Amino acid sequence: MKSDTNPAMNSDTNSTISPDTNPAMNSATNPAAASPPKVSIAAVRQEFDGLEAGTETGQSRAVAGRLMLRRVQGKVAFGTIQDSTGRLQIFAPAARTFEFAKFCECSIGDWLEVSGEIMTTRRGELSVRADHWQVLARTENPFPDKWHGLADVDTRYRQRYLDLWVTEQARETFVLRSRLLSETRSWLEAQGYVEVETPILHPIAGGALAKPFVTHHEALDKDLYLRVAPELYLKRLVIGGMEKVYEIGRVFRNEGLSTRHNPEFTLLELYCAYGNYETMMDLTKELIVHLAQSLLGTLRLIYGDRELSLEEPSGVRVSGDAGPANSSASERASVSAPTSTPAPALASAPAGTPWRRVTMTQLLHEKLGVEFGLDTPLEDLRSLCRQHEVLVQEWWGAGKLLCELYEKTCEPKIWEPTFVVNYPLEVSPLAMECPEQPGWTERFELIIAGREVANAFSELTDPQQQRERFEAQASYRQQGDLEAMPIDEDYLKAMSYGMPPTGGLGIGIDRLAGLLANQHAIRDVLLFPTLR
RNA sequence: GCCCCUCUAGCUCAAUUGGCAGAGCAACGGACUCUUAAUCCGCAGGUUCUGGGUUCGAGUCCCAGGGGGGGUACCA
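Residues numbered from 1 in each chain as written. Chains lettered and ligands numbered in written order. Predicted model: local features only at pLDDT ≥ 70, side-chain atom pairs only at ≥ 80, totals over all residues. Heavy atoms only, no water.

**Points about the pattern of salt bridges**
No. 1: Across all of its chains, the model carries 25 salt bridges by this definition.
No. 2: Between R185 and E195 there is a salt bridge, and its shortest N-O distance comes to 2.9 Å. Remark: E195 occurs in strand β7 (residues 194–195) and R185 occurs in helix α6 (residues 168–190); sequence separation between them is 10 residues.
No. 3: Here E195 falls in the partly exposed class, since its relative accessible area comes to 31%.
No. 4: For the salt bridge of E379 with R382, the shortest nitrogen-to-oxygen distance reads 3.2 Å. Placement of the pair is E379 and R382 together in helix α11 (residues 378–387), with a separation of 3 residues, close to one helical turn.
No. 5: Within this structure, R156, R160, D163 and D524 form a network of salt bridges that share partners. (Salt bridge = Lys/Arg side-chain N within 4 Å of Asp/Glu carboxyl O. Helix = DSSP H or I, 4+ residues; strand = E, 2+ residues; numbered from the N terminus. Buried < 20%, exposed > 50% of the residue type's maximum accessible area, 1.4 Å probe, protein only.)

As C-alpha cells, this is what we get:
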C-alpha cells in the first residue's frame, strides 16, 4: 500500500546526468557515441509511456545505473538497468550492439551507461536498445541473490549500500524520511521558526533524564558529554530573544539497544516564546497531520496490520487536500500576548485539536479502577508497581511511581493519537508546575500506537524554582539515579536575566518516520544503525 | 544484564531414528534472435561457526566459546 502512496520513486523526472561530472562516459571506448540526452529512467518512462508493442521511436536516450538482471539468448540479450528513479529493460541485439560479446559478460551489479533508441519489444516491454554502452564501474563481489535479495538482516544493515539496491522498501523508507525532514523544516519556517545548531559536546549533560556518553578534550584536559538533549541551549536562545527557535539533530543516550532504541537518534526540539503546553499540543497535531497529508496523501495510516487514523474521532473532517494545512496553525502559533488564562487541561478540546486529551491519573483510574493522587500512600503505589512488574527504586516518590505505573500499564495500550497531560513534577524537572495542582506539571506526551512520539511542556521560567528542581535531582543522583540531571549553574544564570513564558516541544523523528513509513524497528529508519 | 531461537557451498535452503554432504540461484564451459527470476546441457563448488566430549560412526546428541535474530529490563 505504501508503495502506491509514496511518490518518491517517480519524483525525479527532470534530473539529468551531467557529462561534465562523468568524464569516463566520453572515453574512447565508445567511438561512435552520438551523445543522446542523458536522462533518468523515470524520465524515459514518463516520456515514452503507453507505446504499443513493437514500436521503434527513432529517439535515442542514454541512461546509467546498475545492471540488476541479465538474460543472454544467443544473438540477443536482455538486461535490467536500475537507477535511483526506477528500472528499465535493456534490449541488446547482436547485430546492433557495440561489442555484443563483452556486453553479455557484464556482471549483475556492474554500473553501466547504455544509450540507444527507445523502443518496445514484441512483448511490449519499454526498453533502451544497447546501441552503445560502457562500464562505469565493475563489482568485484557477487551481488545479492536476484530472487531472495538480502535475507540476512545483519547484512542489510552492515552493507546498506547493497540493501538500498535490492530492498525497495528500504529505498522508499529513506526517501520518505528525507522528505519528512524537509517538510518539517519548511512548515516550521513558514511559521517563523528559526533553525539553529547548538553544541553537541556539553560540559554538563542536561535537558533530559538519561545516561550520557563521556568523552575527553585533551587540550582542555576536561571531560565532555555528548548531548542527551539540546533543550537547555535552545532555552538560552529564547532568553536571548529568538522567540521561535528549533533544532533537528542527533542526540546520544548511553542506554540499551532495542527495536525502539538506538544510542544515537534524531530529535526535533522547538521553543515558542509566549506559548505554553496548550499551544504545543495544537502545533504538534498540526505538524503531524500536515506531514501525513503531504507525504502520504492520507490521514488513514496502516501500522503493522492495523488501521491507524490521525483524523479526529468525532468525525469532523480535516481538509482532505494536501495543500498548505498551516493557516490556522500559524494564527495560533503567533500568539503575541502572554497567555494569561490557559484553559484547564481537561476542558473540551478547542476546535482544531480533536485528538483525545486525558490526564495520566485519569488513564490510571480507567486502567486499574483506583483513584490515584500524589497523596496515595507510597506503600500502596510500590506494591501496585511490583504487581505490574515495575522494578521499584527506594528513592522514588509518588510522582515517579505513578509515572512508572502509567508507562507500564497504560501507555502501550494507547492506539489512536492521545495527548496524555499533567505529569508529576518529580519526573519533570524543567516543566512549569500547574498553578492549581501542586506536584503536577503542565506537560504532555503524545502517544500514537503505544509509542511516545512527542513530549512537551510549559517551560519552567523561574530561576529560583529551577534551582530547587536541580537540587532535588542532585539528591536523586546521590541516591544512585544515574539519569538524574546535574545542576547547571550556567543555565540558571541565563534564566536569572528573565525568561519569557515559553512552550517547548520534542519529537522523536525516527519514531515519527517509522510511524509514517510503517516500520516498527528503529534500525529500519536509520541508514546505519548501531550494531553489536 | 537475563531468557529463547539460530548458524550447512558466494547467496537462499535441504539432509528421515545418529549411518556416503544435497538442490536452486550465482560463478565457469556450451546451445539458443523477443526474454521478464529466460530455458536447456555440462562442470565445479564444503574446516556443516570454533574447540572439546559421547559413539563403531556426529551436520544431527552433550559441554564451552563466538556471530546473528527475537523477547525482556533501563530508556525515547
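**As for helix α12 (residues 398–409)**
No. 1: In this model α12 runs 16 Å from its N-terminal to its C-terminal C-alpha over 12 residues, within 8% of the 16 Å that 1.5 Å per residue would give.
No. 2: Of all 12 residues in α12, 9 are buried; the element is thus mostly enclosed.
No. 3: Among all positions of α12, only A398, G399, L401, L402, C403, E404, L405, Y406 and T409 are buried.
No. 4: In this structure, the buried side of α12 is in contact with α10 (360–368), α11, β16 (418–424) and β18 (437–448). (Expected span 1.5 Å × (residues − 1). Contact = heavy atoms within 4.5 Å.)

**Some points on unusual backbone geometry**
No. 1: Even without glycine at this site, D221 takes up a positive phi of about 45 degrees.
No. 2: Along the chain, D221 turns up in the loop between β9 (214–217) and β10 (222–226).
No. 3: D221 gets classed as exposed once you look at its relative accessible area, which sits at 59%.

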